[in-house]
Amino acid sequence: MTIEIATRRSIPEATEIGPAKRVGMVSLGCPKALVDSERILTRLRADGYAMSGDYAGADVVVVNTCGFLDSAKEESLEAIGEALAENGKVIVTGCMGEEAETIRARFPEVLAVTGAHQYEQVVEAVHEAAPASQGPFVDLIPQPDVKLTPRHYSYLKISEGCNHSCAFCIIPQLRGKLQSRRVDAVLREAEKLVAAGTKELLVISQDTSAYGVDIRHEERMWKGHPVRAHMTDLARELGQMRTPEGEVPWVRLHYVYPYPHVDAVIPLMADGLLTPYLDIPFQHASPKVLRAMKRPANEAKVLERLKAWREIVPEMTIRSSFVVGFPGETEEDFQYLLDWLEEAQLDRVGAFRFEPVAGAAANELPDPVPEAIKEERYARIMAVTERISVAKLQAKVGRTLPVIIDEVGEPDEDGDVGATGRSQADAPEIDGQVFLRNVPETLQAGDVVQVAVEDADAHDLFGVIAP
């Protein structure tokens, strides 16, 4: 009887817990920053906070900034200003957080400024700005990690930082030297994501090929056998994972520098264990420009290797990005790049005009390229790569391809339902899409279907689910 009374007396105390404080998040920049945002929100939710989808409902707003280019910094500053105007209580983190003085000079009212992947400091700042009204153990069932991407695809960050000293980049100053995660921790996270519904894992880092170099490719036990912290070992293990339905999830490798050991992952694609897709940041092709950029692996015979890879995996997609107008780039250098692209026949290409970044070594290089010439070269490279893309996509018309569904639309006036998805050649946000007509209303995001391709333009495919 005494126990029963004590229990009854404890109930009013439990019910007096106030509503959870709400945190808003603005996440800018690359997928690696998005993963940082997910980790911050996951930690805050574990501490009893709720998430807010707008400024008005938030007790505090966290702005995760990008500081890679001056234009990105300006976008970050605009986001901070908007958050302050709409909410008033703002914490700044991310790459531009390394420039706290610049941020505070423009916005002295921000509550705190922290640097990239400084999760603990962000959480502490949130606790101070909006003390949690609920403890971390309010829910009897633990909440899943916060995801800022759709349920069916997830970014898997395997390392932080970078050991390179590229002349145009300040990532090492912002995020530090290479810090690889334990391979068993990476695999455990991947397994958890796949079990929770992830159909596509996007492996990201600053340099995926260098994974494990800093920890001397240490071995860890996984599923009863040792696995090295090495890109090829990690890729092989990821290829062994299965969804709850017994399917092989798509595993897509990003930011892969073309070191010799990359050759070892190509057979995994041929065996269906990896998505036949490589994102390789070539940046240029002219040996002179690459030397000025201080790019690694520029001595590799890339064209010969691309040909060898495609002989093993004819369906392989190669995506890359290039900088035009780098200081000292001559017309001869640029024409070399265009000729290289004609021979390389890359599937997906992005191009960027060189932009000085405060603190980058390239700012001190002689012979800057005038803006008008940058624009002219940008237009030329985009024309070449678009022509290549048109030919490659037209070659897919009439074929049947696997497509992962991202979104299913509402029925139109005739009752027809459309959907948007991606082929294995398309990473989310950066590549093309596949637009489907007349799909069944039972189709859901995350479904992988066979699509008969009916048409194509410069970037996207159009089709119908194959009978």
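Computed from a predicted structure; not experimentally measured.

Cut-off values and rules
Numbering of residues starts from 1 in every chain and runs along the sequence as written. With pLDDT at 70 or above as the cut-off, local features in this predicted model cover only qualifying residues; side-chain atom pairs require 80 or more to be listed or tallied, and sums for whole chains, interfaces and linings still use all residues. Processing note: side-chain calculations cover all non-hydrogen atoms of the structure and skip hydrogens and water entirely. For two strands to be treated as a pair, DSSP must find no fewer than two bridges joining them. Secondary structure elements follow DSSP: runs of H or I of four or more residues count as helices, runs of E of two or more count as strands, with numbering from the N terminus. Throughout, an axis means a line fitted to C-alpha atoms (over the contacting stretch in the case of helices), and angles, computed between N-to-C directions, take values from 0 to 180 degrees. By convention a crossover is right-handed if, when the strands point away from the viewer, the path from the first strand over the helix to the second runs clockwise. For our purposes a nonpolar core is just a set of buried Ala, Val, Leu, Ile, Met, Phe, Trp, Tyr and Cys residues, chained together by side-chain atoms within 4.5 Å. Partly exposed describes any residue whose relative accessible area lies between the buried limit of under 20% and the exposed limit of over 50%, with all areas from a 1.4 Å probe on protein chains only and scaled to the type maximum. By definition, residues are in contact when any of their heavy atoms lie within 4.5 Å. Throughout this description, the term salt bridge denotes a Lys or Arg side-chain nitrogen within 4 Å of a carboxyl oxygen of Asp or Glu. Arc definition: it is the arc formed by the directions from the helix axis to the C-beta atoms.

**Student:** Hey, could you run me through the sheet that holds strand β18 (residues 434–436) in this one?
**Tutor:** Sheets are built from strands paired through backbone hydrogen bonds, the pairs being either parallel or antiparallel. Within the closed barrel, the five strands sit side by side as β16-β17-β18-β20-β19. Their pairing is mixed. The sheet shows a mean angle of 50° between the axes of neighbouring strands, taken without regard to direction. Bridging between β18 and strand β20 (residues 461–465) involves three bridges; their strand directions are parallel. In the strand pairing of β20, Phe 435 is matched with Phe 462.

**Student:** Help me understand the pairing of strand β1 (residues 22–27), please; the structure alone is not making it clear to me.
**Tutor:** In regular strands, side chains alternate between the two faces of the sheet. As paired elements, β1 and strand β2 (residues 50–52) share three bridges and run parallel to each other. Looking at β2, one finds that Gly 24 is bridged to Ser 52. What joins β1 to β2 is helix α2 (residues 31–46), and the crossover it makes is right-handed. Across five bridges, β1 lies against strand β3 (residues 60–65) in parallel orientation. Residue Ser 27 lies in a different strand from β3, and its bridge partner there is Asn 64.

**Student:** Could you clarify how one ought to interpret the nonpolar core in this entry?
**Tutor:** Where a protein is soluble and globular, its nonpolar side chains tend to be buried together. The biggest cluster of nonpolar side chains holds 53 residues, and the ones touching the most others in it are Leu 238, Leu 278 and Leu 346. Not counting residues within four places of it along the chain, the set of residues in contact with Leu 346 comprises Phe 282, Leu 306, Arg 310, Ile 318, Ser 320, Phe 322, Trp 340, Leu 341, Ile 388 and Lys 392. Within the second largest apolar cluster, 19 residues are counted, among which are Cys 95, Ala 116, Cys 166 and Met 293.

**Student:** How should I be thinking about the pattern of salt bridges in this particular structure?
**Tutor:** Where charged atoms from two side chains of opposite charge come close, those side chains can pair. In this structure the tally under the stated criterion is 33 salt bridges. One salt bridge connects Glu 99 with Lys 73, and the closest N-O pair in it is separated by 2.6 Å. One end of the pair, Glu 99, is in the loop between β4 (90–94) and α4 (100–106); the other, Lys 73, is in helix α3 (residues 70–86), and 26 residues separate them in sequence. We classify Glu 99 as partly exposed; its relative accessible area is 24%.

**Student:** Would you mind showing me how to read helix α11 (residues 302–312) here?
**Tutor:** In an α-helix, one turn spans 3.6 residues, which is why side chains three or four residues apart end up on the same side. Every buried residue belonging to α11 is among Val 302, Arg 305, Leu 306 and Trp 309, and all of these are buried. For α11, the angular spread of the buried residues around the axis is 105°, confining them to a single face. Projecting away from the buried face of α11 at angles above 90 degrees are the exposed residues Glu 304, Lys 307 and Glu 311. The inward-facing, buried residues of α11 contact α9 (266–270), β13 (277–279), β14 (317–324) and α12 (331–344).

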